[in-house]
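# Descriptive analysis of the structure
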Number of protein chains: 2
Amino acid sequence: MDVFTAIKERRSCRAFLPGPVSEEAIEKLLQAAVWAPSPMNAQPWEFIVITNQEVKGKIHSEVEDRRKSLAEKSGWKWLERYQVDFILSSPAIIAVIGNPDKTGADRFLEGGGMGYQHACAAAIQNMLLTAHALGLGSLWFTLFDFEAMRAMLGIDPGKEPLALVCIGRPSGEPLQMARKDALERTRFIR
Amino acid sequence: MDVFTAIKERRSCRAFLPGPVSEEAIEKLLQAAVWAPSPMNAQPWEFIVITNQEVKGKIHSEVEDRRKSLAEKSGWKWLERYQVDFILSSPAIIAVIGNPDKTGADRFLEGGGMGYQHACAAAIQNMLLTAHALGLGSLWFTLFDFEAMRAMLGIDPGKEPLALVCIGRPSGEPLQMARKDALERTRFIR
């Protein structure tokens, strides 16, 4: 699939059909991830591919707790109604783990040291685009507690579970969210 | 260009040929950027396209100062030798500005509130892939001081210049940096 088509057509998918994602497809997503750029090519990422239903259940229960507490904290109505069952129904979940020790010279800048997170985000975007090209739906999900996820997945204390990427064949057509025109957000210094 | 080819072939480009990048190409890059996902589709990005040589000169001089001070702070030898003349020679520089107010519910999480930066990183990755597909070289650059860049480009105090993306026709073949195999960095919970 053409790169611009994949970029423009990809949408967040929150409803998946049952049935596994092939090992081959999972491997392709991971290969796409690691070709992202990173500061000093430090490749500050690790991945955990979760297909075990019991573990998905534990994650779902943490995410559900977190959703409720965030709904209270924020007072945001949509969080009260937000359904997180896609955690249970997505055939595969890829946890993306970032390593803060593998950031670049940005660590010496004020407000810096986030380069490793940016690299992981670029790696995730590569996965989402590749998933779309393979006919798979995907969701970039972050509403969970770092510590809880670390404990649940056995992640080193020095590393950070930055996102869960849900993967599977999409059920129905994802919501077609629009965008503000790029030029409205752009200024030119000619 | 096929999405996986673009992902795998894209490299950081630090040497550009003279000659402008077409307005059409710049617009395509910006359009690609805004189709990135973002928390609550808040689209927390703005862009400044810099083609003015005097402004590029000012940025170059800030980056050069920063490089020297980072070389001292870090003691890293490569930073002493690092050439940043690509700031001057890249035909266009796209500054990517993030808006922390436009992050999602992650703002209520401990260690959270970084969703807007992740979204901007995904937008940048979209630009780099699209640039490669258009035959353009690109560089994701972050070694500058936020405050200095804000002042230089007239950015609101509440917003953050997260990266400079240098764009132009590549001069020669970029360095072919390798990657560790994805499966070496992956654990499966089946």
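The structure reproduced in this document is the subject of the present report. Everything quoted here is computed from the prediction, not taken from an experiment. (Residues numbered from 1 in each chain as written. Chains lettered and ligands numbered in written order. Predicted model: local features only at pLDDT ≥ 70, side-chain atom pairs only at ≥ 80, totals over all residues.)

## Notes on the relation of the copies chain A and chain B
- Between chain A and chain B, which share one sequence, the superposing operator has a rotation angle of 180° and an axial displacement of 0.0 Å; the RMSD is 0.0 Å. Taken together, the rotation and translation describe the operation of a two-fold axis.
- Looking at the interface residues of chain A, 100% of them are also at the interface in chain B, so both copies use one shared face. (Least-squares fit on C-alpha atoms with pLDDT ≥ 70 in both. Contact = placed C-beta atoms within 7 Å.)

## Focus: the pairing of strand 2 (residues 92-98) of chain B
Residue and element names in this part refer to chain B.
- Taken across its 7 residues, strand 2 has 7 buried, putting it largely inside the fold.
- Taking every second residue as pointing to the same face, both faces of strand 2 are buried, with Ala92, Ile94, Val96 and Gly98 on one and Ile93, Ala95 and Ile97 on the other.
- Two elements, strand 1 (residues 45-50) and strand 2, share 6 bridges in a ladder whose sense is antiparallel. By the bridge assignment for strand 2, Phe47 is matched with Val96.
- Pairing analysis gives 7 bridges linking strand 2 to strand 4 (residues 160-168), with the strands arranged antiparallel. Bridge pairing in strand 4 links Val96 to Ala163. (Buried ≥ 20, exposed ≤ 12 C-beta atoms within 10 Å, placed from the backbone. Helix = DSSP H or I, 4+ residues; strand = E, 2+ residues; numbered from the N terminus. Pairing = 2+ DSSP bridges.)

## Quick notes on the interface of chain A and chain B
- Contact with chain A, which involves 66 residues of that partner, is made by 66 residues of chain B.
- At the level of elements, helix 1 (3-9), helix 2 (23-34), strand 1 (45-50), helix 3 (53-74), helix 6 (115-133) and strand 5 (186-189) of chain A are the ones that each hand at least two residues to the side of chain A that touches chain B.
- Of all the elements, helix 6 of chain A adds the most residues to the side of chain A that touches chain B, at 11 residues.
- Its residues assigned to classes, the side of chain A that touches chain B shows 38 nonpolar, 16 polar and 12 charged.
- Strand direction decides the pairing type here: strand 5 of chain A and strand 1 of chain B, joined by 4 bridges, are parallel. Paired with Phe188 of chain A across the bridge in strand 1 of chain B is Val49 of chain B. (Nonpolar A, V, L, I, M, F, W, Y, C, P; charged D, E, K, R; others polar.)

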